[in-house]
Amino acid sequence: MAAQATFKSIKAVVPLLDRVLVQRFKAETKTATGIFLPTSATSSPLPEATVIAVGPGAPNKDGAIVPTAVKAGDRVLLPGWGGNPIKLGEEVNSERILI
């Protein structure tokens, strides 16, 4: 597992090639009807995230750049593996991942 990087501003992170920077959704602690969920039910991170930044794309074997299919603001599902966590300043609650 790679070491966690720390940045002062999200503007300092620019994905290269076909990399994508995402921010995980926070697990709901209360249901729509007002029932509070125990911490054991909300402790595992959700496999969903919002795209924050996208790289320009990766070159194919002919050298042409193939653009990335997602854009900033899209909701995506995360794989169970991969990605590098990024810490922004002293924030502990929001997890950003570079995939």
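Residues numbered from 1 in each chain as written. Predicted model: local features only at pLDDT ≥ 70, side-chain atom pairs only at ≥ 80, totals over all residues. Heavy atoms only, no water.

Q: Go over the overall build of the chain with me, naming the residues and quoting the values.
A: For the chain, the helix and strand inventory stands at one helix and eight strands. Across the chain, helices and strands are ordered from the amino to the carboxyl terminus as β-β-α-β-β-β-β-β-β. Of the contacts formed within the chain by residues at least 6 apart in sequence, a portion of 61% connects residues at least 24 apart. Carbon and sulfur atoms provide 59% of the accessible area of the chain, an area that totals close to 7,300 Å². (Helix = DSSP H or I, 4+ residues; strand = E, 2+ residues; numbered from the N terminus. Contact = heavy atoms within 4.5 Å. Areas by Shrake-Rupley, 256 points an atom, 1.4 Å probe, with all protein chains shown as cover.)

Q: So, the pattern of salt bridges: which residues are in play, and what are the values?
A: On inspection of all chains with the given rule, the structure shows two salt bridges. Here Arg75 and Glu48 are joined by a salt bridge, their closest N and O atoms 2.9 Å apart. One end of the pair, Arg75, is in strand 6 (residues 75-77); the other, Glu48, is in strand 3 (residues 48-54), and 27 residues separate them in sequence. Look at Glu48 and you get partly exposed, because its relative accessible area is 28%. In this structure, Asp74 engages Lys71 in a salt bridge whose closest nitrogen and oxygen atoms are separated by 3.5 Å. (Salt bridge = Lys/Arg side-chain N within 4 Å of Asp/Glu carboxyl O. Buried < 20%, exposed > 50% of the residue type's maximum accessible area, 1.4 Å probe, protein only.)

Q: How would you sum up unusual backbone geometry? Please name residues and give values.
A: Positive phi, normally seen in glycine, also occurs at Leu17, with a value near 50°. With respect to the secondary-structure elements, Leu17 resides in the loop between strand 1 (5-7) and strand 2 (20-24).

Q: Could you give an account of the pairing of strand 3, with specific residues and numbers?
A: Both strand 2 and strand 3 contribute to a ladder of five bridges, which runs antiparallel. Note that in strand 3 the partner of Val20 across the bridge is Val54. Here strand 3 pairs with strand 6 via three bridges, running antiparallel. In the sheet register, Ala49 faces strand 6, and the bridge partner there is Val76. (Pairing = 2+ DSSP bridges.)

Q: Which residues make up the nonpolar core, and what values go with them?
A: Counting six residues, the largest nonpolar core consists of Val20, Val22, Ala49, Val51, Val76 and Leu78. Among the elements of the structure, strand 2 and strand 3 are those that each provide at least two residues to this core. (Core = buried A, V, L, I, M, F, W, Y, C linked by side-chain atoms within 4.5 Å.)

Q: An account of the environment of Leu78 is requested, with residue identities and associated values reported.
A: Assignment of secondary structure puts Leu78 in the loop between strand 6 and strand 7 (84-88). Considering only alpha carbons, one finds Leu78 and Val22, 56 residues apart in sequence, at a separation of 9.1 Å.

Q: Which residues make up the environment of Pro15, and what values do they have?
A: Secondary-structure assignment places Pro15 in the loop between strand 1 and strand 2. What makes Pro15 buried here is its relative accessible area of 6%. The sequence separation of Pro15 and Pro56 amounts to 41 residues, and the corresponding C-alpha distance is 8.1 Å.

Q: Residues and numbers for the confidence of the model for the chain, please.
A: Mean pLDDT over the chain stands at 76; residues scoring 70 or higher make up 70%. Per-element averaging of pLDDT across the chain places strand 1 at the bottom with 54 and strand 5 (residues 65-66) at the top with 90. (pLDDT = per-residue confidence, 0-100.)

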